[in-house]
Amino acid sequence: MPKPLHLIVACAENRVIGRDGQLPWHIPEDTQHFHAATAGQIVVLGRVCFETWPRVALDGRRPIVITRNTLLAGDVVRMASSLDQALAIAASLPGEIMICGGERIYAETLALAETTGRAVILHLTVIHAEVAGDRFMPEWRHLAWRETSRRESADEKFRYTFLTLER
Ligand SMILES: NC(=O)c1ccc[n+]([C@@H]2O[C@H](COP(=O)([O-])OP(=O)(O)OC[C@H]3O[C@@H](n4cnc5c(N)ncnc54)[C@H](OP(=O)(O)O)[C@@H]3O)[C@@H](O)[C@H]2O)c1
């Protein structure tokens, strides 16, 4: 059995995840949640996300960056030219496979899981606001999910819900 694919994402009610190459919000509790969930695991991420997270390899993370320019590879950071190649590399490494975006990588992962029936665990922080942005989480709500955890929280700017959904 292949390992399940964990998608981890924070998204607004209107599915916005990013703006101008950055997160459109600063929510320390969600940043901590993201760092804790990915520590010690394989993290699969697009080249833009990688460039905004220079310390991705800290805390025992094993990064696999998806890019057409695989020459960027270093000692710790592995490069892959497609999601399929990233998952093939991930299969040979210890740890859970955490898919960390961006937009196209989330979409390709959900599509792959749909076509292959591979298990997906979605670690979703829903930010209860409509937020302006230019990157989006693909629609997930029409799919049948089993909710395995839910926690409400808030800071001075946003209310948000930490959800775990599986299919
Ligand atoms: N809210 C969240 O949880 C969350 C999570 C992740 C990202 N974000 C936000 O989303 C934005 C960054 O994501 P993004 O979607 O713009 O970019 P991205 O996925 O991080 O990077 C895009 C790049 O990745 C490579 N790539 C992606 N898919 C590929 C494929 N199938 N095959 C080959 N290469 C591929 C290409 O790199 P090359 O150009 O090098 O070939 C492409 O230009 C930021 O605003 C960030 O803050 C938010």
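Note that the structure is predicted; figures quoted are calculated from it, not measured.

1. Some points on the environment of Ala-88
Phase 1 of the analysis: Along the polypeptide, Ala-88 turns up in helix H3 (residues 83-91).
Phase 2 of the analysis: For the pair Ala-88 and Arg-118, spaced 30 residues apart in the sequence, the C-alpha separation amounts to 14 Å.

2. A short note on the sheet that holds strand S1 (residues 5-12)
To summarise the sheet geometry, strands pair through backbone hydrogen bonds and adopt either a parallel or an antiparallel arrangement.
Phase 1 of the analysis: Reading across the sheet, the eight strands line up as S5-S4-S3-S6-S1-S7-S10-S9 and stay open at both edges, with mixed pairing between neighbours. Looking at which strands have only one partner, the edges of the open sheet turn out to be strand S5 (78-80) and strand S9 (146-154). Sheet twist, expressed as the average angle between the axes of neighbouring strands with direction ignored, equals 20 degrees.
Phase 2 of the analysis: As paired strands, S9 and strand S10 (residues 159-166) are joined by eight bridges and run antiparallel to one another. Its bridge partner lying in S10, Glu-147 is registered against Leu-165.
Phase 3 of the analysis: Lying over the sheet, helix H1 (residues 28-38) contacts S1, strand S3 (42-46), strand S6 (97-99), strand S7 (120-127), S9 and S10, oriented at roughly 175 degrees with respect to S1.
Phase 4 of the analysis: Contacting S1, S3, strand S4 (62-66), S6 and S7, helix H4 (residues 103-116) crosses the sheet at an angle of about 130 degrees to S1.

3. Some points on unusual backbone geometry
Phase 1 of the analysis: The omega angle of the peptide bond from Gly-101 to Gly-102 is 10 degrees, so this bond is cis rather than trans.
Phase 2 of the analysis: Checked against the element boundaries, Gly-102 lands in the loop between S6 and H4.
Phase 3 of the analysis: In the Ramachandran plot, Arg-15 falls in the positive-phi region, its phi being about 70 degrees despite a non-glycine side chain.
Phase 4 of the analysis: Among the secondary structure elements, Arg-15 is positioned in the loop between S1 and strand S2 (16-18).
Phase 5 of the analysis: Given 19 C-beta atoms within a 10 Å radius, Arg-15 is considered partly exposed.
Phase 6 of the analysis: Not every positive phi belongs to a glycine, and Asp-20 is a case in point at roughly 50 degrees.
Phase 7 of the analysis: On the secondary structure map, Asp-20 appears in the loop between S2 and H1.
Phase 8 of the analysis: Residue Asp-20 is classed as exposed on the basis of its 9 C-beta neighbours within 10 Å.

Here is what the cut-offs are and how they apply
- Residues numbered from 1 in each chain as written.
- Predicted model: local features only at pLDDT ≥ 70, side-chain atom pairs only at ≥ 80, totals over all residues.
- Helix = DSSP H or I, 4+ residues; strand = E, 2+ residues; numbered from the N terminus.
- Pairing = 2+ DSSP bridges.
- Axes fitted to C-alpha atoms, helices over the stretch in contact; angles between N-to-C directions.
- Contact = placed C-beta atoms within 7 Å.
- Buried ≥ 20, exposed ≤ 12 C-beta atoms within 10 Å, placed from the backbone.

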